[in-house]
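Spelled out, the chains give:
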Amino acid sequence: MSCFIELLRHHEHDFLHQYESQLNHPIRQAIKALLRCRTSEQHKMSWGCAHCHHQVQHPLSCGHRHCPQCQHQTTTQWLQRQEQKLLPCHYFMVTFTLPFELRVLARYQPKILYQTMFKVVSKVLKGFAARQFKAEIGFTMVLHTHNRRRDLHPHIHVIMPCGYYDAHNNQWHKGRQQYLFNEFALAKVWRAQMLEAINRHTRINLPAKYPKKWVVDCRKVGFGDKAYQYLSRYLYRGVLSDNDIVHYDENTVTFKYQESKTKQTVTRTLPVLKFLWLILQHVLPKGLQRVRDCGYLRGNASKLRQRIQILLINTKNWKKPKKKDKPKAIRICPCCQHPMHCEGVINFFSRPS
Ligand SMILES: [Zn+2]
Ligand SMILES: [Zn+2]
Ligand SMILES: [Zn+2]
């Protein structure tokens, strides 16, 4: 059982009482799902062994995207989908950060703010690419709402293969390995377009003061699959893994994190209820996609990607990724060690409301 869920279960009553005014609907839904995950309140999956006729039933997991018990599976599935899109080229990561003064918008209008951020990031990058390369680019955007200390700190990471597709001539152009875009120029446009988008929106307002300089970080992350897999794992994981919780008792929780400047592992200790809020404040609004693929990496561009992968087929030490079947869930019989088969979900109508 996840220790985060244990803590939540143990302190649920006090937490709901203390943070009542700050808990929006998605956070309440997440709490419900997490507390039900793999418990007798869930439907059960029945497994049978054809060899010795042994049968077992296991409660289903909740599948909620913020559940520490279900996170691993969604990460694996996402990574497998992304592997199909790999290209033999250098990758860059571009990070667009929102200044401190605007973070308050994430507290009260998260959906509008995050959607605006996605739109603007995509527009900025496509604009730069159109001016510099006059060809199509592809990129994956991932929204993070926290910094390493897990405070509210919304930013969007973009993973981008360094190469451009010219559809007119069916040609692939290898980008420069050391340089993608000028990050100061990106930051200027990011700021201007975000301010304009917020100003235009009727339901969010700019704070009275905000800085003149915003930050965009652009860095090279390496070549091909290794860089991409490392990055995807880092980007796609949940807010806090159970492994990072180093100590907890009745009153406090201590978790570890790596400080970005010094790269040292340090710890942060908080009272339990504050800790629960620190993590749960990052529950995203319902229906908001946290990861988006654009350009030649978008979901419905598989034909275009194949065309690009064929153009790159002769790249040294590279093989076009093969389509993998979705791995089947496997369970081994505890009595005879033969594989068991899944017989389906039971107790479907006895679920408590
Ligand atoms: Zn068996
Ligand atoms: Zn779960
Ligand atoms: Zn991040």
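The structure we're discussing is the one just above.
Let me begin by describing the structure that accompanies this report. In this text, all values refer to a predicted model and were calculated from it rather than measured experimentally. (Residues numbered from 1 in each chain as written. Chains lettered and ligands numbered in written order. Predicted model: local features only at pLDDT ≥ 70, side-chain atom pairs only at ≥ 80, totals over all residues. Heavy atoms only, no water.)

What follows covers the sheet that holds strand β11 (residues 265–271). Taken together, the three strands give an open sheet; going across it, the order is β9-β10-β11, and neighbouring strands pair in antiparallel fashion. Strands at the two margins of the open sheet, each flanked by one partner only, are β9 (245–248) and β11. The sheet shows a mean angle of 20° between the axes of neighbouring strands, direction not considered. Bridging between β9 and strand β10 (residues 252–258) involves three bridges; their strand directions are antiparallel. The residue bridging His 247 from the neighbouring strand is Thr 254, located in β10. (Pairing = 2+ DSSP bridges. Helix = DSSP H or I, 4+ residues; strand = E, 2+ residues; numbered from the N terminus. Axes fitted to C-alpha atoms, helices over the stretch in contact; angles between N-to-C directions.)

Let's shift gears to the packing of aromatic side chains. Scanning the model with the defined rule gives 11 aromatic pairs in all. For the pair Phe 96 and Trp 190, a centre-to-centre distance of 5.2 Å together with 70° between the ring planes defines the contact as edge-to-face. Residue Phe 96 is found in strand β3 (residues 90–97), and its partner Trp 190 is found in helix α6 (residues 183–200); the two are separated by 94 residues along the sequence. Here Phe 96 and Trp 190 have matching classes, each one buried. Among the aromatic residues, those joined into a ring-pair cluster are Phe 4, Phe 255, Tyr 257 and Phe 275. One Lys or Arg, Arg 131, reaches over the ring of Phe 128 and ends 5.1 Å from the middle of that ring. (Phe/Tyr/Trp six-rings, centres within 6.5 Å; stacked < 30°, edge-to-face > 60°. Buried < 20%, exposed > 50% of the residue type's maximum accessible area, 1.4 Å probe, protein only. Lys NZ or Arg CZ within 6 Å of the ring centre and 35° of its normal.)

Around the zinc ion (ligand 1), the donor atoms from the protein are Cys 49 (SG), Cys 52 (SG), Cys 333 (SG) and Cys 336 (SG), and they sit 2.2 to 2.3 Å away. One can describe the donor arrangement at the zinc ion (ligand 1) as tetrahedral, given that its four donor atoms subtend angles of 100 to 119° at the metal. (Donors = N, O, S within 2.8 Å, 3.2 Å for Na, K, Ca; no water. Tetrahedral: all angles 85-135°; square planar, octahedral: opposite > 155°, others 65-115°.)

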